[in-house]
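Observations on the three-dimensional arrangement
The chain contents come next:
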Amino acid sequence: MHVTTLTPALTAQARLRARHSEGCACSEPHAVLADRTDATVVRHAQVVAKAHAPGTPESALTARLAAAAHPGLADTLLAPLSARPTRLHDRLVTFWPYGVPVDRDDPYGPDTVPWEAAATLLARLHRAPLARLPKALPPMRGPEKAARAVARLRAAAPHPAASPVERAWAVLPAWARDEAPCPGRPFLCHGDLHLGQLVRTPPDPRLGHLVHPHTEPRPGYPGSAPADHWRLIDIDDLGTGDPAWDLARPAAWYACGLLLPEEWTRFLNAYRAAGGPAVPADGADPWLVLDVPARALTVQTAALAIAKAVAAERALDEVEETFVDACRRMAAVPPDLAPTCTK
């Protein structure tokens, strides 16, 4: 089924679920939140329906749903409305409560970006005991997605910026290129952390309290609401692996000059304060473990940027050029290839 014909059917399923759970009227808000080849997400009232990528393994998605529904992660992951996926034509579909996303146009500026909340949630996730989860999880898909981005670059028409990206990719260790398992002790990881994966939460009966996203007063410290009022969403890449990968995207932004030093410091300090195991807790250099994952995320971002620019027959924009320039620098200075997930 083509994604554009899937959307109306998915919206109807969300409407039906909302009526059953809330008795909502047809005038309740509805919207298409995402409409891509790898995911279609729609909202009706307080219900969100997501059609996952074609070919998504049902067993892996079910294990990830079980983790998100586990009471031990109620303060970290948004829980699904059902712990099993359903099928809509040829796609697996999951249902979720609606959460209010990060306001990227907040007039109060970067001090209100919830870096502390994101870091605290990651630390909680990484500290979760894997043995207590109801189902064994597959590996987190971070390295797999980076490898897919490079494959997409190679499938595109030749581009002058592709060479430094390929060179930066070639010097990474095999596990970061998804060519070998990550060595060392595995942790529970999100696999695709960015600010779009945070939402202000609806009521969660497992925690015995209500959170009102639109009426919560603005707190008196940078980083907006405490982590207790946020949850991580999007479990498609959830799994076991190196927790440093979840810090790699903001680390890459910081290294490329796209994240202010004070924002990076807020994020890193909050992660350490919450007991996150991905970086040394004693103030030692975090780049000893962040270097390889941050390089991989930089390559992934540059590869996707080039592939999209080629498809659209346009030049790279300034931010995209920044990631390609970072690949040029990385290729000239290979990383320390010691494994990073041996904490």
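In what follows, the structure referred to is the one given above.
Described below are features of the structure shown in this document. (Residues numbered from 1 in each chain as written. Predicted model: local features only at pLDDT ≥ 70, side-chain atom pairs only at ≥ 80, totals over all residues. Heavy atoms only, no water.)

Turning next to the packing of aromatic side chains. Applying the stated rule across the entire model yields 7 aromatic pairs. Where Trp 175 meets Trp 245, the ring centres are 6.0 Å apart and the plane angle is 65°; that geometry is what we call edge-to-face. Placement of the pair is Trp 175 in the loop between helix H5 (162–170) and strand E7 (187–189) and Trp 245 in helix H6 (residues 244–255), with a sequence separation of 70 residues. Residue class for Trp 175 comes out buried when judged on its relative accessible area of 7%. Classification of Trp 245 as buried rests on a relative accessible area of 4%. Joined through ring pairs, the aromatic side chains of Trp 115, Trp 253, Tyr 254, Trp 264, Phe 267 and Trp 287 make up one cluster. Of note, Arg 17 hangs over the ring of Phe 95, and the distance from its end group to the ring centre comes to 4.3 Å. (Phe/Tyr/Trp six-rings, centres within 6.5 Å; stacked < 30°, edge-to-face > 60°. Helix = DSSP H or I, 4+ residues; strand = E, 2+ residues; numbered from the N terminus. Buried < 20%, exposed > 50% of the residue type's maximum accessible area, 1.4 Å probe, protein only. Lys NZ or Arg CZ within 6 Å of the ring centre and 35° of its normal.)

All of the buried residues along H5 are Ala 162, Pro 164, Val 165, Ala 168 and Trp 169. Taken down its axis, H5 places every buried residue within 170° of arc, on the same side. Tucked inside the fold, the buried residues of H5 contact helix H4 (142–155), helix H8 (287–312) and helix H9 (318–332). (Arc of directions from axis to C-beta. Contact = heavy atoms within 4.5 Å.)

Here 3 strands make up an open sheet; going across it, the order is E6-E8-E9 and the pairing antiparallel. Of all strands in the sheet, those bounded by a partner on one side alone are strand E6 (100–101) and strand E9 (230–232). Examined bridge by bridge, E6 and strand E8 (residues 198–200) share 2 bridges and lie antiparallel to one another. Counterpart to Pro 101 in the pairing with E8 is Val 199. Seen against the sheet, helix H3 (residues 115–127) touches E8 and E9 and runs at an angle of roughly 55° to E9. (Pairing = 2+ DSSP bridges. Axes fitted to C-alpha atoms, helices over the stretch in contact; angles between N-to-C directions.)

What follows is about the sheet that holds strand E5 (residues 91–97). A sheet is described by the order of its strands in space; here 5 strands give the open sequence E1-E2-E3-E5-E4, paired in antiparallel fashion. A strand with exactly one partner marks an edge of an open sheet, and here the two such strands are strand E1 (30–35) and strand E4 (86–88). Adjacent strand axes in the sheet meet at a mean angle of 30°, parallel and antiparallel pairs treated alike. Note: strand E2 (residues 40–44) against strand E3 (residues 47–51), 5 bridges, orientation antiparallel. Residue pairing in the sheet places His 44 in a bridge with Val 47 of E3. Along the sheet, helix H2 (residues 58–69) makes contact with E4 and E5, crossing E5 at roughly 10°.

With respect to the secondary-structure elements, Arg 124 resides in helix H3. In terms of polar contacts, Arg 124 uses its side chain to reach the backbone carbonyl oxygen of Asp 75, at 2.7 Å. (Polar contact = N/O pair within 3.5 Å; in protein donor to acceptor, adjacent residues only side chain to side chain.)

It is worth spelling out the packing of H6 against helix H7 (residues 261–273) at this point. Each pair of packed helices can be described by the angle between their axes along with the distance between the axes. At a minimum axis separation of 10 Å, H6 and H7 run at an interaxial angle of 155°. For the element pair H6 / H7, the angle class is roughly antiparallel. Like other packed secondary-structure pairs, H6 and H7 cross with a definite hand, here left-handed. On H7, the residues that touch Leu 247, Pro 250, Ala 251 and Tyr 254 of H6 are Pro 261, Trp 264, Phe 267, Leu 268 and Tyr 271. Classifying every residue of the contact of H6 with H7 by side-chain character gives 9 nonpolar, no polar and no charged. (Parallel < 35°, antiparallel > 145°, perpendicular 65-115°, else oblique. Left-handed = near helix turned anticlockwise from the far one by under 90°. Nonpolar A, V, L, I, M, F, W, Y, C, P; charged D, E, K, R; others polar.)

Structurally, Leu 247 can be placed in helix H6. Taking the C-alpha atoms as reference points, Leu 247 and Ala 118, separated by 129 residues in sequence, lie 9.9 Å from one another.

Turning to H6, a few remarks are in order. Summarising burial for H6: 9 of the 12 residues are buried, a large majority. Looking at H6, one finds that the buried residues are Ala 244, Trp 245, Asp 246, Leu 247, Ala 248, Arg 249, Pro 250, Ala 251 and Ala 252. Just downstream of H6, Gly 257 is the residue with a positive phi angle, here 80°.

Turning our eyes to something else, we now look at the environment of Arg 127. Locating Arg 127 in the fold gives a position in helix H3. For the pair Arg 127 and Pro 277, spaced 150 residues apart in the sequence, the C-alpha separation amounts to 7.1 Å. Once residues lying within four places of it in the same chain are set aside, the contact partners of Arg 127 are Ala 274, Gly 275 and Pro 277. Within the structure, the side chain of Arg 127 is placed 2.3 Å from the backbone oxygen of Ala 274, a separation counted as a polar contact.

Phi is positive for His 89, close to 60°, though the residue is something other than glycine. Its place among the elements puts His 89 in the loop between E4 and E5. Residue His 89 is classed as exposed on the basis of its relative accessible area of 54%. At Asp 178, a residue that is not glycine, the phi angle is positive and equals roughly 65°. The residue Asp 178 is located in the loop between H5 and E7 in this model.

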